[in-house]
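Structural features, examined
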Amino acid sequence: MKRAMAVIFFIAAALMLSGCIVGDIDILYSLPQTQEKYQQLQQLIDAELEAGSEYSAPTGGSLRQSVQLVEINGDGVEEAVVFLRDENRTPEICVYKQDGGLYTLAYKLTGQGSSIGHVEYADLNGDGSQELIVSWEDNDLATVMAYSLRIGPAEILLTVSCTDFLVGQIYADGDDEELERNIVATLNMSGKRGVVELFFTDGNRNVERTQAELSEAMVTADRFRLSRISGGTDAVIVEGHFQDAGGVKYLTDVLVLDGKSLENVALQQGNKSAPVRDVYVFSRDINGDGAIDVPYPMPIYGGENYYLLDWMTFDAQGGVYLCATTYHDIGQGWYYVLPLEWRDGFSVSYDGERVTFYTGGEQEVELLRIYVFSGENRNESAALPGRFVLARSGTIIYAAMFPPGSGEYNQKSRDEVIDRFNIITTEWDAGIV
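Since the model is a prediction, treat every value here as computed from it, not as a measurement.

Attention shifts here to the overall build of the chain. For the chain, the helix and strand inventory stands at four helices and 29 strands. Looking at the 433 residues of the chain, the share that counts as buried comes to 49%. Looking at the chain alone, contacts between residues at least 24 apart form 44% of all its contacts between residues at least 6 apart. When the accessible surface of the chain is totalled, it reaches about 21,000 Å², and 46% of it is carbon and sulfur.

Written as structure tokens, this is what we have:
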């Protein structure tokens, strides 16, 4: 799927560096003044501005430029897509096509609401031309519309109200066909129960739609994206939360396209997805195999406030498989991938800046010490005999030490510990609803 190329050059900085003062904010959005066709395009845009319109860039997604050049209709020539708001503050999109090297206004699309939220381009019906998919925002709800702009008047392929949408590709297994489809997935959390709808076209370019409900308990969605699960199957992943007497709980739904039917393979009895957890950790590819893994909390031996996380991979039939187990120290900002033999009987203890791992249950055996140093003497503390550095993050040093009396450990052992240690980073930023 082709991505739009931004063409806005913010020349204000250069002007200020040269001692000039910008007096007109519109210059921030001006096209580069290097080619005649762009100067002519800028004149067309200026005519809209002089008539009372103003730039109004998309507020969501990755394409947030007010002017975007994108090849839409498959002829190899880029169109210019300009996002505005007219004198009545109604959002509008002007699409300029090239004719003989010069631009002309081909389409003016007007939407309901107060702003343009999220814009994508994709060939949804397989005709070689990219559709313009846009959400017209109105408070917390959006109307998503997909426009075909290949020839003649703009054709609307779909219209749906939702909370958010995404565009991607799904490789779907059907009874009589196996295809990779460009799809639009919409998320709607406005009703009593969340719903994901999937839109795609069949072999005759007719728009098909299928939907599946989310977990009944999920009242707020925090993550919404397309990912792969076991076997390379494409899936829609929705993660959200609810609150009960025990506090905030997080859960994950996994939705798979089976032929032309969307199925939530994570749902279990009670219409809740598995697992429900009170740990603020979201799904991710924990072992780097390309498949998203879902965290299942498992209590640590003898501990009421600490958990291990078993990371489970779903397949298209809802089967769940263990792929890794981690200990997450969310407060200190790190996690550790445990060797399989540590999992049963695993426990921890805290002593100031040190966390110690044990195994063996009642017959506990010390395994490893992990330190977090942030004071002025952090470098000296991390370099004391027996300790070795795991990672550095800003003014924090993470170090480790094998238990005293455990014998000589070679460099390979240290390298394995370093490889299993990870700093917690912000996950799935692009998927936040």
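Having seen the structure, we can now continue with the description.
The backbone of Arg89 shows a phi angle near 65°, a positive value even though the residue is not glycine. Residue placement: Arg89 occurs in the loop between β4 (79–85) and β5 (91–99).

This paragraph deals with the sheet that holds strand β10 (residues 155–162). Pairing in this open sheet of four strands is antiparallel, and the strands run β7-β8-β9-β10 from one edge to the other. At either end of the open sheet lies a strand with only one pairing partner, and these are β7 (115–122) and β10. For this sheet the average axis-to-axis angle between neighbouring strands, irrespective of direction, equals 20°. Pairing between strand β8 (residues 131–138) and strand β9 (residues 141–148): seven bridges, direction antiparallel. By the bridge assignment for β9, Glu137 is matched with Ala142.

Looking at the chain, pLDDT values average 85 and 86% of them are 70 or higher. This stretch, residues 1–23, has a pLDDT under 50; its non-local contacts, to residues over four places away or in other chains, come to 41 contacts.

This part takes up the side chain of Arg369. By the element assignment, Arg369 lies in strand β26 (residues 365–373). According to the relative accessible area criterion, Arg369 is buried, its value standing at 14%. A distance of 2.5 Å separates a polar atom in the side chain of Arg369 from a polar atom in the side chain of Glu366. When neighbours within four sequence positions are excluded, Arg369 is seen to be in contact with Arg354, Val355, Thr356, Ala399, Ala400, Met401 and Pro404.

Moving on to the pattern of salt bridges. Counted according to the given criterion, the structure contains 14 salt bridges. A salt bridge links Asp234 to Arg228; the nearest nitrogen and oxygen atoms lie 3.0 Å apart. Judged by its relative accessible area of 7%, Asp234 falls in the buried class. Judged by its relative accessible area of 40%, Arg228 is partly exposed. What you see here is one network of salt bridges that share partners, running through Glu54, Arg85 and Arg89.

Here the focus is the packing of aromatic side chains. Across all of its chains, the model carries 15 aromatic pairs by this definition. Seen from their ring centres, Tyr398 and Phe421 are 5.3 Å apart, and the 50° between their planes marks the pair as tilted. Residue Tyr398 is found in strand β28 (residues 396–401), and its partner Phe421 is found in strand β29 (residues 421–423); the two are separated by 23 residues along the sequence. No difference in accessibility class separates Tyr398 from Phe421, as the two residues are buried. One aromatic cluster is present, built from ring pairs that chain together Tyr327, Trp334, Tyr336, Trp342, Phe346, Phe357, Tyr398 and Phe421. For Arg223, the ring lying beneath its charged end belongs to Phe282, and the centroid distance is 4.1 Å. Between Arg387 and the ring centre of Tyr371, over which it is positioned, the NZ or CZ distance is 4.2 Å.

All right, on to the nonpolar core then. Counting 24 residues, the largest nonpolar core has Tyr327, Trp334, Tyr336, Phe346, Phe357 and Leu368 as its most contacted members. Elements supplying a minimum of two residues to this core: β23 (334–337), β25 (354–359), β26, β27 (387–393) and β28. Considering every element that reaches this core, the biggest residue donor is β26, with four residues. The residues touching Phe357, leaving out its near neighbours within four places in the chain, are Tyr327, Trp334, Tyr336, Trp342, Phe346, Ser347, Val348, Val365, Glu366, Leu367, Leu368 and Ile370. One finds Val236, Val238, Leu257 and Leu262 within the second-largest nonpolar core, a separate group that totals 22 residues.

Tracing the backbone through its elements, the reader meets Gly152 in the loop between β9 and β10. Measuring from C-alpha to C-alpha, the distance between Gly152 and Tyr107 comes to 9.6 Å, with 45 residues separating the pair along the chain.

This part is about helix α2 (residues 36–50). The end-to-end C-alpha distance of α2, which contains 15 residues, comes to 21 Å, matching closely the 21 Å that a straight helix rising 1.5 Å per residue would cover. Within α2 the residues assigned to the buried category are Tyr38, Gln40, Leu41, Gln42, Ile45, Glu48 and Leu49. Against the buried residues of α2 lie β2 (54–55), β3 (67–70), β4, β5 and β6 (102–110). Positive phi shows up at Gly52, right after α2, with a value of about 115°.

Thresholds applied
- Residues numbered from 1 in each chain as written.
- Predicted model: local features only at pLDDT ≥ 70, side-chain atom pairs only at ≥ 80, totals over all residues.
- Heavy atoms only, no water.
- Helix = DSSP H or I, 4+ residues; strand = E, 2+ residues; numbered from the N terminus.
- Buried < 20%, exposed > 50% of the residue type's maximum accessible area, 1.4 Å probe, protein only.
- Contact = heavy atoms within 4.5 Å.
- Areas by Shrake-Rupley, 256 points an atom, 1.4 Å probe, with all protein chains shown as cover.
- Pairing = 2+ DSSP bridges.
- Axes fitted to C-alpha atoms, helices over the stretch in contact; angles between N-to-C directions.
- pLDDT = per-residue confidence, 0-100.
- Polar contact = N/O pair within 3.5 Å; in protein donor to acceptor, adjacent residues only side chain to side chain.
- Salt bridge = Lys/Arg side-chain N within 4 Å of Asp/Glu carboxyl O.
- Phe/Tyr/Trp six-rings, centres within 6.5 Å; stacked < 30°, edge-to-face > 60°.
- Lys NZ or Arg CZ within 6 Å of the ring centre and 35° of its normal.
- Core = buried A, V, L, I, M, F, W, Y, C linked by side-chain atoms within 4.5 Å.
- Expected span 1.5 Å × (residues − 1).

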